[in-house]
Amino acid sequence: MGRLFVVNLEGKIYSCKHCRTHLALCEDVVSKSFHCRHGKAYLFSKVVNVSVGEKEERLMMTGMHTVADIFCVGCGSIVGWKYETAHEKSQKYKEGKSVLERFKVSGPDGSNYWLQLGKCNALSIT
């Protein structure tokens, strides 16, 4: 295993909730209208400090996509997925972009999301 180089971002950042490794900038959010099994998820045009898993076909709410899970390079936690291929023309804008699950990352204000009775709530950590 080689030396791990981590990109440190400046500005409003999203980071891994487990190890605080920087993952994305607030300005790179494309959409906050995504959902995952843990609640909210955000689509980003660019993420850093992630490793990409095996590609697989997944049937999602918007159709069939080729995706790969993405993992935090700091601690190995799964933090979301990357869209490799969208099979429907209307979904092509997702290709090459990544989704971070809000349950698995801390927001720019230090907030985490947690589940209670099936609802997604913000919990501010100071």
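Preceding block: the structure.
Here, residues in each chain are numbered from 1, in the same order as that chain's written sequence. Selection of residues for local features in this predicted model requires a pLDDT of at least 70, selection of side-chain atom pairs for listing and counting requires 80 or more, and totals for whole chains, interfaces and linings are taken over all residues. To obtain the side-chain values, all non-hydrogen atoms of the structure were included, while hydrogens and water were left out.

**Concerning the sheet that holds strand β9 (residues 105–106)**
Here is step 1 of the chain: Strand order across the open sheet formed by 3 strands is β2-β1-β9, with antiparallel pairing between neighbours. Looking at strand neighbours, the two that pair on one side only are β2 (22–25) and β9, the edges of this open sheet. Strand pairing is assigned whenever DSSP identifies at least 2 bridges connecting the two strands. Helix numbers and strand numbers start at the N terminus; a helix is a DSSP run of H or I with at least 4 residues, a strand a run of E with at least 2.

**Structural notes on the state of the cysteines**
Here is step 1 of the chain: Throughout, a disulfide means two cysteine sulfur atoms within 2.5 Å of one another. On inspection of all chains with the given rule, the structure shows 0 disulfides.
Here is step 2 of the chain: Here Cys 72 is not disulfide-linked; the sulfur of Cys 19 is the nearest cysteine sulfur, at 3.5 Å.

**Quick notes on the side chain of His 65**
Here is step 1 of the chain: Structurally, His 65 is set in strand β6 (residues 63–72).
Here is step 2 of the chain: Exposure is judged per residue with a 1.4 Å probe applied to protein chains only, and the accessible area is read against the type maximum: over 50% gives exposed, under 20% gives buried, and values in between give partly exposed. Taking the relative accessible area as the measure of exposure, His 65 reaches 0% and is therefore buried.
Here is step 3 of the chain: A polar atom in the side chain of His 65 sits 2.9 Å from the backbone oxygen of Gly 63.
Here is step 4 of the chain: Contacts are assigned to residue pairs that have any heavy atoms within 4.5 Å of one another. The residues contacting His 65, other than those within four sequence positions of it, are Glu 56, Glu 57, Arg 58, Met 60, Tyr 83, Thr 85, Ala 86, His 87, Gln 91 and Lys 94. Any pair of N or O atoms that falls within 3.5 Å is considered a polar contact. Within protein, one atom must be able to donate a hydrogen and the other to accept it, and sequence-neighbouring residues count only if both atoms are side-chain atoms.

**Observations regarding the sheet that holds strand β8 (residues 98–101)**
Here is step 1 of the chain: With antiparallel pairing, the 6 strands of this open sheet are ordered in space as β3-β4-β8-β7-β6-β5. Two strands in the sheet have a free side with no partner beyond their single neighbour: β3 (29–36) and β5 (50–60). Averaged over all adjacent pairs, the angle separating strand axes in this sheet is 30 degrees, with direction ignored.
Here is step 2 of the chain: Looking at chain direction, β5 and β6 are connected through 9 bridges and run antiparallel. Pairing of Lys 55 across the sheet is with Ala 68, part of β6. For every element, the axis is a line fit to its C-alpha atoms; helices are fit only across the contacting stretch, and the angle between N-to-C directions ranges from 0 to 180 degrees.

**Considerations on the nonpolar core**
Here is step 1 of the chain: Counting 12 residues, the largest nonpolar core is built from Tyr 14, Cys 16, Leu 23, Ala 24, Tyr 42, Phe 44, Val 47, Ile 70, Cys 72, Val 79, Leu 100 and Val 105.
Here is step 2 of the chain: Listing elements by their share of this core, those giving two or more residues are β1 (13–16), β2, β4 (39–44) and β6.
Here is step 3 of the chain: Note on terminology: a nonpolar core comprises buried Ala, Val, Leu, Ile, Met, Phe, Trp, Tyr and Cys residues joined through side-chain atoms within 4.5 Å. Among the nonpolar cores identified, the runner-up in size contains 9 residues, and Phe 34, Leu 43, Trp 81 and Tyr 83 belong to it.

**Things to note about the pattern of salt bridges**
Here is step 1 of the chain: What counts as a salt bridge is simple: a side-chain nitrogen of Lys or Arg found within 4 Å of a carboxyl oxygen of Asp or Glu. The full count for this structure, using the stated rule, is 4 salt bridges.
Here is step 2 of the chain: Notably, a salt bridge pairs Lys 92 with Glu 95, separated by 3.2 Å at the nearest N-O pair.
Here is step 3 of the chain: Judged by relative accessible area, which is 30%, Glu 95 ranks as partly exposed.
Here is step 4 of the chain: Here the salt bridges share partners, and the residues they tie into one network are Glu 56, Arg 58 and Asp 69.

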